[in-house]
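Notes for the structure review
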Amino acid sequence: MRIGMALNYSGGFKETVAELADYEKAGLDIVYVAEAYSFDAVSQLGYIAAKTERLEIASGILQIYSRTPTLMAMTAAGLDYVSEGRFTLGIGASGPQVIEGFHGVPYTAPLGRTREIVEICRKVWRRERLQHEGAHYNIPLPEGQGTGLGKPLKIINHPVRPDIPVLIAAIGPKNVEMTAEIANGWEPIFYLPEKAKDVWGEALAAGKAKRDPALGELDVVGQAHLAIGDDVQDFLEFGRPMAALYIGGMGAKGKNFYNNLCRRYGWEKEAEEIQDLYLAGKKDEAAAKVPYELLEKMSLIGSEGHVRERLAAMKESGVTTLNVAPIAGDHKGRIALIEKIKKMAEEV
């Protein structure tokens, strides 16, 4: 299993990047930069590319609505160039609150748009003269739209790779099926290895049955907080606020993908309580309702023996990349955790 880590996008970015060389030496394989409604991820990924040598970099994620498909392709090719072939394009649909509330773009057809964007990106990277006729994107603009002066073009530069890896964040059954069919990697949130097969097994199998063998095996990225020791159990509580935010606040009643996932895991009652409390402004009470088992099973927190068991469960369920958030009192402690989990992952 590769070991990855997400960089915080809300502050202290330069300080964190200054420490990345140490993580690189410790064995970190890939770093992910998110893009919510903070600074853009692209400028930060370029900065990281300049400060590292071996470390792979990935957007985790760029949402699909605010860039045209060709700009997405150009951006990925540019980041792959400045990193000398170390970039992975992570994309996802985000949600209506961000897309409509911050970008002012209708949140429509996330699956159809994702499929077409991936197809267009790959055409651009292969330096094909770009022509695409789809339900959501038409390139060049057809007759009767625009000035009529558009013509098929191909990217001027020669991309470092014609097959930049595409990672899709997905949790809904149809989105997961599409991801298993067309993407190089899949990143779910709140990944529980013991329940993954029941929740996503059918969708993954259906997608893989249509998968082009040239894509290779699907990279499955599991996220987990990381702390190893005999006195770290309380660190599980760090996951409560984020879980409550997503399960309770990332959406409205009847339109919350993360709440639906919690229900599919078997916590229907808790999912409803968390959402009701969160939407009523009772965030602490909502966090208190997050099931302890969810926090425990999606984390790598506990004694070394316990973490080894969780690693084995992750690997057995199909995880090939671990995106960890090391919890320690200082930089030295976090580096030690990356070194430790890297070694443990090699031994599992």
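Note that the structure is predicted; figures quoted are calculated from it, not measured.

1. As for the nonpolar core
Within the largest apolar cluster, 95 residues are counted, with the highest numbers of intra-cluster contacts made by Leu20, Trp125, Phe190 and Trp200. Once residues lying within four places of it in the same chain are set aside, the contact partners of Trp200 are Ile171, Val176, Trp186, Pro188, Ile189, Tyr191, Leu261, Arg264 and Tyr265.

2. Some remarks on a nonpolar patch on the surface
A cluster of nonpolar side chains, Tyr81, Val82 and Val160, forms an exposed patch at the surface whose accessible area comes to about 300 Å². Examined against the element boundaries, Val82 turns out to sit in helix H4 (residues 69-82).

3. Quick word on unusual backbone geometry
Across the junction of Gly60 and Ile61, the peptide omega takes the value 20 degrees, indicating a cis bond. Pro140 follows Ile139 through a cis peptide bond whose omega is -10 degrees. Take Pro140: it is sitting in the loop between strand S7 (138-139) and strand S8 (166-169). Here the phi dihedral of Glu84 falls at roughly 60 degrees; this positive angle occurs in a residue that is not glycine. Within the fold, Glu84 resides in the loop between H4 and strand S5 (87-92). The exposure class of Glu84 is exposed, given its relative accessible area of 68%. Even without being a glycine, Phe190 presents a positive backbone phi close to 55 degrees. Following the sequence through the fold, Phe190 ends up in the loop between strand S9 (185-187) and helix H8 (193-209). Classification of Phe190 as buried rests on a relative accessible area of 4%.

4. Observations concerning the packing of helix H14 (residues 304-317) against helix H15 (residues 331-347)
Contact geometry of H14 with H15 gives a least axis separation of 10 Å together with a crossing angle of 55 degrees. Relative to H15, the element H14 is oriented oblique. Between H14 and H15 lies a crossing of right-handed hand. Seen from H14, the contacting residues are Glu304, Val307, Arg308 and Leu311; seen from H15, they are Lys340, Ile341, Met344, Ala345 and Glu347. Across the contact of H14 with H15, the residue classes tally to five nonpolar, no polar and four charged.

Cut-offs used in this document
Residues numbered from 1 in each chain as written. Predicted model: local features only at pLDDT ≥ 70, side-chain atom pairs only at ≥ 80, totals over all residues. Heavy atoms only, no water. Core = buried A, V, L, I, M, F, W, Y, C linked by side-chain atoms within 4.5 Å. Buried < 20%, exposed > 50% of the residue type's maximum accessible area, 1.4 Å probe, protein only. Contact = heavy atoms within 4.5 Å. Patch = residues over 30% accessible without salt bridge, like charges linked within 9 Å, V, L, I, M, F, W, Y side chains within 5 Å. Areas by Shrake-Rupley, 256 points an atom, 1.4 Å probe, with all protein chains shown as cover. Salt bridge = Lys/Arg side-chain N within 4 Å of Asp/Glu carboxyl O. Helix = DSSP H or I, 4+ residues; strand = E, 2+ residues; numbered from the N terminus. Axes fitted to C-alpha atoms, helices over the stretch in contact; angles between N-to-C directions. Parallel < 35°, antiparallel > 145°, perpendicular 65-115°, else oblique. Left-handed = near helix turned anticlockwise from the far one by under 90°. Nonpolar A, V, L, I, M, F, W, Y, C, P; charged D, E, K, R; others polar.

Don't take any of this as a statement about function, it's just geometry.
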